[in-house]
Amino acid sequence: MAADFDAELTNLAAEILRDAVRVYDRADIQRWLAGYNPVLAAWQVGGVTGGFPAITGGFPAVTGAFPVITGAFPAVTPGRGGEAETSLRKVFGVGQQLPAVWLPPAGDLAAQARSAPLMSGLEALARWLGPQGRLVGRDDALPEADAADAARYLGARPVYLSYLWEYALTSGWFELDDEPDGSKTWAVLGQTARRWAQGDDSGALHVWAVVFAAVLASALDVAASLDPAAARKLNFQGQGVAAAVMLFLNRRAGLSLAEVGELVMDGAVGAPASARARRPWDAWVREHGDPAGLLLGELAALGAVVIPETGAVAVRLLPLALWALRQQFRLDGVQVPQLTGTTAQLRAADLVAMSEGISETEFETESAAWAAGRGPDRAARELLAFAAFSGPRSRLAAVNLTRRIGAPAHGAWRDAMQRPELRGYARIALSVLAGQLPDSTLPLVLDPDPDDLTWVATDLLALACGDESPDPEQIAEQFREAVPQGAESWIFGLMCRSSHPDVVQVLTVLGRYHPDRRVARDARRAAHAAERSRAAARAERLPARAAGR
């Protein structure tokens, strides 16, 4: 059945990706991910500027199909105990859940897959191969004359046929069939190509995902095979997979062209890259161009990425790549929620989940459209209702979204005063909004009780202050979501008078790790004030206990 075969295709893509990253040492990955939280922070690579041009190539659109043939190859199964011995989750140290992805309907995704120039090239190569197949040499490659003929048929550069041929073999688009006596080997149409030819949306998506895996695993290996002497001291294996995973994990902040280039170089020569280690890399770039540019050009031809025109803009994974990588992480036991539908159809929970999975610019646009479609009061009430029953991270995100609505949300904030989880945030918001509301508005409570901030302190502690090595940028982001800009000193003044047992710890960590010097200084002063206040309170209680003895 088609559904069973699609599951086998997902397993085949997993096997291709796992084979590619088996070369990685876990310590290398941890070094890359040092200080990186895939949910709340962005991994950054410094010291590299500029970028590389998009490298495209490809083929004229080719239409038509080949006959539908059924059948399947054996399913690729995980390792012992039902879990893959090598998986993206294990290699990259990913937790049990990642931010949600927002995807168009399956029909739209399948249409995008069918329109990819690289897929058209594979279709054309299959037609050139014909129903009988073609003889290959001992190295499983086409004879020189046949290769030249195939390149002419496709309208592609002869050297590019090596890439397309490897993608076809790796993905199962073609298969190698030996004659009974072993004297000849034929390249024949494979089961992946036959599934693609059936024309349904599910098949198109799953086949595309296998080809995507093949490109990630093979593109740079093919480049290395074309000049083995220059590639002798470079390790290109697995670099495409690493780049795609990093783009997936960093899809909110994104990776620039320079950062992707640095990532591929680090994997190829090792990091930190000494001047001596970089010599073969620099020689390769002079002779063949930047390998990351080649990789991204192939992914662009497949419809997997958008390459920015300038180095200041992030490389962006397109929905097809997001869909395929989500499938792989889910296969490894990682939860990656999927959001579908229009912006207007999203719930507050969906909007908050989206905030961590798309760029800040995209999210600003989508969240503004979501609030406008509902009206500010309804939007604020839905967000705060979700916040009241959420964990700290989601609560902070929902509070921050409500705060962006501004003065029209004052009624929702007033009603949120009835919820202990939201009272501190509501007090802060109403106080900040006081000057923006008309005189006819009911009076606001402008002087929060310090203990109203109990939940604010608890949320900050849970998110930012429990790690052995807190990330300053992560702390700054979480603090911005809890406290409006410009109100930091006022909030610290309230927090230092709170009876909350963990307030001192929160203020101490903020004072030590917040990257803004002024905020850090005010937090340290508030921490000292809180300690003095508690010491004085303990001193007042001591005589009473002594007198009772």
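Residues numbered from 1 in each chain as written. Predicted model: local features only at pLDDT ≥ 70, side-chain atom pairs only at ≥ 80, totals over all residues. Heavy atoms only, no water.

Participant: Even after reading the chapter, I still don't get the overall build of the protein, so can you show me in this structure?
Facilitator: Regarding its fold elements, the protein presents 25 helices and eight strands. Residues counted as buried form 52% of the 549 residues belonging to the protein. Taking the contacts inside the protein whose residues are at least 6 apart along the sequence as the reference set, 74% of them involve residues at least 24 apart. Working note: accessible area of the protein is about 24900 Å², and carbon and sulfur atoms make up 51% of it. (Helix = DSSP H or I, 4+ residues; strand = E, 2+ residues; numbered from the N terminus. Buried < 20%, exposed > 50% of the residue type's maximum accessible area, 1.4 Å probe, protein only. Contact = heavy atoms within 4.5 Å. Areas by Shrake-Rupley, 256 points an atom, 1.4 Å probe, with all protein chains shown as cover.)

Participant: Would you mind going over the environment of leucine 296 with me for this structure?
Facilitator: As for its position among the elements, leucine 296 is in helix H13 (residues 291-301). Considered as a pair, leucine 296 and alanine 219 are 77 residues apart in the sequence and their alpha carbons are 9.8 Å apart.

Participant: Mind showing me how you'd approach the confidence of the model for the protein here?
Facilitator: Close inspection of predicted coordinates is inappropriate for parts of the model with low pLDDT. On average, residues of the protein score 81 in pLDDT, and 82% of them reach the 70 mark or higher. By mean pLDDT, helix H2 (residues 26-32) is the weakest element of the protein at 59, and helix H9 (residues 201-226) is the strongest at 96. Between residues 35-83, whose pLDDT stays under 50, and residues either more than four places distant or in other chains, the model counts 106 contacts. Counted against residues more than four places away or in other chains, residues 544-549, with its pLDDT under 50, gives zero contacts. (pLDDT = per-residue confidence, 0-100.)

Participant: Could you clarify how one ought to interpret unusual backbone geometry in this entry?
Facilitator: Most peptide bonds adopt trans geometry, and most residues besides glycine take a negative phi value. Phi at aspartate 140 is positive, roughly 65°, even though this residue is not glycine. Its location among the elements puts aspartate 140 in the loop between strand S2 (134-136) and helix H6 (144-154).

Participant: Is there a simple way to think about the pattern of salt bridges in this case?
Facilitator: Pairs can form between side chains of opposite charge whenever their charged atoms are close. All chains considered together, the criterion is met by 19 salt bridges. Aspartate 332 is the salt-bridge partner of arginine 18, the closest N and O atoms lying 3.2 Å from each other. Of this pair, arginine 18 sits in helix H1 (residues 2-21) while aspartate 332 sits in the loop between helix H14 (319-331) and strand S8 (338-339); the two residues are 314 residues apart in sequence, bridging distant segments of the chain. For the pair shown, arginine 18 and aspartate 332 are each scored as buried. One network of salt bridges, in which partners are shared, links Glu488, Arg518, Arg521 and Asp522. (Salt bridge = Lys/Arg side-chain N within 4 Å of Asp/Glu carboxyl O.)

Participant: Please explain the nonpolar core as it appears in this structure.
Facilitator: Nonpolar side chains tend to gather and get buried jointly when the protein is soluble and globular. Counting 105 residues, the largest nonpolar core has Leu118, Met119, Trp173, Trp208, Phe212 and Phe248 as its most contacted members. Aside from chain neighbours lying at most four places away, what touches tryptophan 208 is Ala113, Ala116, Met119, Leu302, Gly303, Ala304, Leu320, Ala321 and Ala324. If you look at the next biggest cluster of nonpolar residues, it comprises 63 residues, including Ala379, Val399, Ala457 and Phe479. (Core = buried A, V, L, I, M, F, W, Y, C linked by side-chain atoms within 4.5 Å.)

Participant: So what exactly am I meant to see when it comes to the sheet that holds strand S5 (residues 255-256) here?
Facilitator: Two strands in a sheet stick together by hydrogen bonds in their backbones, pointing the same way (parallel) or opposite ways (antiparallel). With antiparallel pairing, three strands are arranged side by side in an open sheet as S5-S7-S6. Since the sheet does not close on itself, it has two edges, and those belong to S5 and strand S6 (305-306), each with one partner. As judged from the two bridges shared by S6 and strand S7 (residues 314-317), these two strands associate in the antiparallel manner. Among the inter-strand pairings, valine 305 is bridged to a residue of S7, identified as leucine 317. (Pairing = 2+ DSSP bridges.)

Participant: Is there a simple way to explain H9 in this structure?
Facilitator: Note on helix geometry: an α-helix contains 3.6 residues per turn, so any two residues three or four positions apart are oriented the same way. Here H9 contains 26 residues, and its C-alpha end-to-end distance of 36 Å stays within 8% of the 38 Å for a straight helix at 1.5 Å per residue. Serine 218 marks where H9 bends most, by close to 40°. Counting buried residues along H9, 21 of its 26 residues qualify, which places the element largely inside the surrounding structure. (Expected span 1.5 Å × (residues − 1). Bend = angle between axes of the 7 residues up to and from the residue.)

Participant: Whenever I open this one, the packing of aromatic side chains confuses me. Can you help?
Facilitator: Following the criterion strictly, the structure yields seven aromatic pairs and no others. Plain terms: the ring middles of tryptophan 208 and phenylalanine 212 are 5.1 Å apart, the flat faces sit at 15° to each other, and that makes the pair stacked. Taken together, the positions of tryptophan 208 and phenylalanine 212, both in helix H9 and four residues apart, correspond to about one turn of that helix. For the pair shown, tryptophan 208 and phenylalanine 212 are each scored as buried. Centre to centre, the rings of phenylalanine 248 and phenylalanine 329 are 5.4 Å apart; their planes meet at 20°, and the pair counts as stacked. One end of the pair, phenylalanine 248, is in helix H10 (residues 239-249); the other, phenylalanine 329, is in helix H14, and 81 residues separate them in sequence. Accessibility classification places phenylalanine 248 together with phenylalanine 329 in one group, the buried group. Sitting over the ring of tryptophan 128, arginine 134 keeps its end group 3.8 Å from the ring centre. Above the plane of the ring of phenylalanine 248 lies arginine 251, whose end atom (NZ or CZ) is 4.3 Å from the centre. (Phe/Tyr/Trp six-rings, centres within 6.5 Å; stacked < 30°, edge-to-face > 60°. Lys NZ or Arg CZ within 6 Å of the ring centre and 35° of its normal.)

Participant: Any chance you could explain the packing of helix H11 (residues 257-269) against helix H12 (residues 275-288) here in plain terms?
Facilitator: Helix packing geometry: the angle between the two helix axes and the distance between the axes. Between H11 and H12, the least distance of the axes is 10 Å, while the angle of their chain directions is 115°. Considering the angle they form, H11 stands roughly perpendicular to H12. Crossing geometry of H11 relative to H12 is assigned as right-handed. For the pair formed by H11 and H12, the contact residues are Gly261, Val264, Met265, Ala268 and Val269 on the first element and Ala277, Arg278 and Trp281 on the second. For the contact of H11 with H12, the class distribution of residues is six nonpolar, one polar and one charged. (Axes fitted to C-alpha atoms, helices over the stretch in contact; angles between N-to-C directions. Parallel < 35°, antiparallel > 145°, perpendicular 65-115°, else oblique. Left-handed = near helix turned anticlockwise from the far one by under 90°. Nonpolar A, V, L, I, M, F, W, Y, C, P; charged D, E, K, R; others polar.)

Participant: Would you take a moment to explain the sheet that holds S2 for this structure?
Facilitator: Read from one edge to the other, the open sheet built from three strands follows the order S2-S4-S3, with strand pairing classed as antiparallel. Looking along the sheet, the strands with just one partner apiece sit at the ends: S2 and strand S3 (174-178). Sheet twist, expressed as the mean angle between neighbouring strand axes with direction ignored, is 40°. In this structure, S2 lies alongside strand S4 (residues 185-189), joined through three bridges in antiparallel fashion. Residue pairing for S4: valine 136 is matched across the bridge by threonine 185. Sitting on the sheet, helix H7 (residues 161-171) touches S2, S3 and S4, and the angle it makes with S3 is about 75°.

Participant: Quick question: what am I supposed to make of the pairing of S3 here?
Facilitator: Each regular strand shows side chains that alternate between the opposite faces of the sheet. Where S3 and S4 come together, five bridges link them in antiparallel fashion. Counterpart to aspartate 178 in the pairing with S4 is threonine 185. What sits between S3 and S4 in their antiparallel hairpin is a turn of six residues, with glycine 182 showing a positive phi close to 75°.

Participant: Honestly, a negative patch on the surface in this entry has me stumped. Any pointers?
Facilitator: Residues Asp139, Asp140, Asp177 and Asp178 make up a contiguous surface patch of negative charge. In this structure, aspartate 178 sits in strand S3. (Patch = residues over 30% accessible without salt bridge, like charges linked within 9 Å, V, L, I, M, F, W, Y side chains within 5 Å. Lys, Arg positive; Asp, Glu negative; His and termini not counted. Charge placed at Lys NZ, Arg CZ, Asp CG, Glu CD.)

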